[in-house]
Each structure stands twice: as structure tokens, then as C-alpha cells.
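# Analysis of the macromolecular model
The lines below spell out each chain.
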Amino acid sequence: MEKQGYVLDISNKRLHHEIYLSDARKVAPEKMKTVIWRPIRKESMET
């Protein structure tokens, strides 16, 4: 991410998102899958 010129853009209004791909009632804990999205933005040239 940083090598491509992006930085984290987390604030009180922009948080990460978790998407659960597995049903916790049906899948063993070691086989559960989750996607985590973290907000990013292009780093400005002024920093």
C-alpha cells in the first residue's frame, strides 16, 4: 500500500469493515474466513 503511494484513512467516521464469509454456526473456527476492508487514500504530495 505505502509503496504505491497510499495511506490508511481511518477516522471516527471511516472505520474498517468485516465481511464474514463463513457461517459461525456451521464452520469450525479454524476454517472460518473473513474479509477485512480498511479505508485508504492516495497520499497527498504536500506531506
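Reading the values: rules and limits
Residues numbered from 1 in each chain as written. Predicted model: local features only at pLDDT ≥ 70, side-chain atom pairs only at ≥ 80, totals over all residues. Heavy atoms only, no water. Salt bridge = Lys/Arg side-chain N within 4 Å of Asp/Glu carboxyl O. Helix = DSSP H or I, 4+ residues; strand = E, 2+ residues; numbered from the N terminus. Buried < 20%, exposed > 50% of the residue type's maximum accessible area, 1.4 Å probe, protein only. Patch = residues over 30% accessible without salt bridge, like charges linked within 9 Å, V, L, I, M, F, W, Y side chains within 5 Å. Areas by Shrake-Rupley, 256 points an atom, 1.4 Å probe, with all protein chains shown as cover. Contact = heavy atoms within 4.5 Å. Polar contact = N/O pair within 3.5 Å; in protein donor to acceptor, adjacent residues only side chain to side chain.

## Topic: the pattern of salt bridges
Side chains that differ in sign of charge can pair as their charged atoms come close. Counted according to the given criterion, the structure contains three salt bridges. Measuring nitrogen to oxygen at the nearest pair gives 3.7 Å for the salt bridge that ties Arg41 to Asp9. Here the residue Arg41 occupies a position in strand E4 (residues 40–42), and Asp9 occupies one in the loop between strand E1 (6–8) and strand E2 (17–20), the gap between them amounting to 32 residues. Owing to a relative accessible area of 21%, Asp9 belongs among the partly exposed residues under this scheme. Because the salt bridges share partners, they merge into one network encompassing Asp9, Arg14 and Arg41.

## Points about a nonpolar patch on the surface
Nonpolar side chains collect at one region of the surface, where Met1, Tyr6, Leu8, Ile10, Leu15 and Ile40 lie side by side and expose about 510 Å² of accessible area between them. For Ile40, the location among the structural elements is in strand E4.

## Describing the environment of His16
Checked against the element boundaries, His16 lands in the loop between E1 and E2. Assessed through its relative accessible area of 39%, His16 is described here as partly exposed. Sequence separation between His16 and Lys3 is 13 residues, and the spatial gap between their C-alpha atoms is 21 Å. When neighbours within four sequence positions are excluded, His16 is seen to be in contact with Ile36, Trp37, Arg38 and Pro39. Polar side-chain contacts of His16 include one of 2.9 Å to the side chain of Glu18.

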